[in-house]
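An overview of the molecular structure
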Amino acid sequence: QKEVEQDPGPLSVPEGAIVSLNCTYSNSAFQYFMWYRQYSRKGPELLMYTYSSGNKEDGRFTAQVDKSSKYISLFIRDSQPSDSATYLCAMELAGNQFYFGTGTSLTVIP
Amino acid sequence: DTGVSQDPRHKITKRGQNVTFRCDPISEHNRLYWYRQTLGQGPEFLTYFQNEAQLEKSRLLSDRFSAERPKGSFSTLEIQRTEQGDSAMYLCASSLKRGAFSTDTQYFGPGTRLTVL
């Protein structure tokens, strides 16, 4: 079993839709949770990071963590064609290694 | 631009050749990470440095791979006797780790895409 599971998609939505991206994990020792956006042939770009269970909002993006279920989500409101990218979840064990999901490919259709 | 930079952006080599990549982190960052990413996968951790000390290496990092960060600033990743399976994007990330219990938010460079023929 992988440490982090993420549905690879692809996911295709019309412009303006709400997008929900999800990851599950198996290691309860993960402390920090992050979402990265990666455009084709570019390095990942940090979107959000959270520590505790609950919601964190930044503009059109909301990150949600449920530690009891070992489940994290990223919601994108009013999706735009420029949001078309691969979204990677990442999790950090105390102090050191990061574990990434495989990424979900998102296309927002104008 | 004060972000993480990597050089070269692309490298094509023949099987058996040695290659070296360079990463320049964000200037005040004390940690530097190397990852490998193949198509359709997330980045896989290879190794990381805190200042000039290499603190951890993944089991993925075979004897043909070596990384250095001699002065705690830029880092190099060398692959000796390249194999076709080494073809991937090699990503560098840096972070500012302030204390044992602080988060380690990593900022990535654009990557070096290696193709081994």
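In what follows, the structure referred to is the one given above.
We now turn to the structure provided with this report. As the structure is a prediction and not an experimental result, all values here were calculated from the model.

Before going further, it helps to spend a moment on the overall build of chain A. Helix and strand content of chain A: zero helices and eleven strands. Reading the helices (α) and strands (β) of chain A from amino to carboxyl end gives β-β-β-β-β-β-β-β-β-β-β. If one aligns the C-alpha atoms of chain A with their principal axes, the spans along those axes are about 40 × 30 × 20 Å. Per-residue burial for chain A yields a buried fraction of 44% across its 110 residues. Of all intrachain contacts in chain A linking residues separated by at least 6 positions in sequence, the fraction that spans at least 24 positions is 54%. Total accessible area on chain A is roughly 5100 Å²; 48% of this is exposed by carbon and sulfur atoms. Of the side chains in chain A, 9 bear a positive and 11 a negative charge, and the two mean positions are spaced by 4 Å.

In this section: the pattern of salt bridges. Residues and elements named next belong to chain B. Scanning all chains against the criterion turns up six salt bridges over all chains. Here D24 ties to R22 by a salt bridge, and the two come within 2.7 Å at their closest N and O atoms. Relative accessible area serves as the criterion here: at 24%, D24 is assigned to the partly exposed category. Here D86 makes a salt bridge to R64, at a shortest N to O gap of 2.8 Å. With D86 in the loop between β8 (75-79) and β9 (88-95) and R64 in the loop between β6 (53-57) and β7 (65-68), this residue pair connects regions lying 22 residues apart in the sequence. In the salt-bridge network here, residues are joined through shared partners; they are R64, E83 and D86.

All names here are of chain A. A sheet is described by the order of its strands in space; here five strands give the open sequence β1-β3-β8-β7-β6, paired in antiparallel fashion. Every interior strand has two partners, whereas the edge strands, β1 (4-6) and β6 (54-58), have only one. Mean inter-strand twist for the sheet, computed between neighbouring axes without regard to direction, equals 20°. Bridge count between strand β3 (residues 19-25) and strand β8 (residues 71-76): six bridges; the pairing is antiparallel. Across the sheet, the residue bridging to C23 is I72, located in β8.

For the rest of this paragraph, the subject is the nonpolar core. Grouped together as the largest cluster of nonpolar side chains are 24 residues, with contacts concentrated most on W35, I72, L74, I76, Y87 and M91 of chain A. Elements with a minimum of two residues in this core: β3, β4 (32-38), β5 (45-50), β7 (61-66), β8, β9 (85-92) and β11 (104-109) of chain A. Look past the residues within four positions of I72 of chain A in its chain and what remains in contact with it is L21, N22, C23, Y25, F33, W35, Q64, V65, C89 and M91 of chain A. If you look at the next biggest cluster of nonpolar residues, it comprises 19 residues, including L46, F65, A88 and C92 of chain B.

In this complex, chain B contributes 27 residues to the contact, which on the side of chain A involves 19 residues. For the pair chain B and chain A, the summed buried area comes to about 1800 Å², and 50% of that belongs to carbon and sulfur atoms. Our count for the chain B to chain A interface comes out at two residue pairs in polar contact (both at pLDDT 80 or more). Listing elements by their share of the side of chain B that touches chain A, those giving two or more residues are β4 (31-37), β5 (44-50), β9 and β10 (107-108) of chain B. The element that contributes the greatest number of residues to the side of chain B that touches chain A is β4 of chain B, accounting for four residues. Here the residues of the side of chain B that touches chain A are counted per class, giving twelve nonpolar, nine polar and six charged.

What counts, and at which threshold
- Residues numbered from 1 in each chain as written.
- Chains lettered and ligands numbered in written order.
- Predicted model: local features only at pLDDT ≥ 70, side-chain atom pairs only at ≥ 80, totals over all residues.
- Heavy atoms only, no water.
- Helix = DSSP H or I, 4+ residues; strand = E, 2+ residues; numbered from the N terminus.
- Buried < 20%, exposed > 50% of the residue type's maximum accessible area, 1.4 Å probe, protein only.
- Contact = heavy atoms within 4.5 Å.
- Areas by Shrake-Rupley, 256 points an atom, 1.4 Å probe, with all protein chains shown as cover.
- Lys, Arg positive; Asp, Glu negative; His and termini not counted.
- Charge placed at Lys NZ, Arg CZ, Asp CG, Glu CD.
- Salt bridge = Lys/Arg side-chain N within 4 Å of Asp/Glu carboxyl O.
- Pairing = 2+ DSSP bridges.
- Axes fitted to C-alpha atoms, helices over the stretch in contact; angles between N-to-C directions.
- Core = buried A, V, L, I, M, F, W, Y, C linked by side-chain atoms within 4.5 Å.
- Buried area = accessible area lost by both parts, 1.4 Å probe.
- Polar contact = N/O pair within 3.5 Å; in protein donor to acceptor, adjacent residues only side chain to side chain.
- Nonpolar A, V, L, I, M, F, W, Y, C, P; charged D, E, K, R; others polar.

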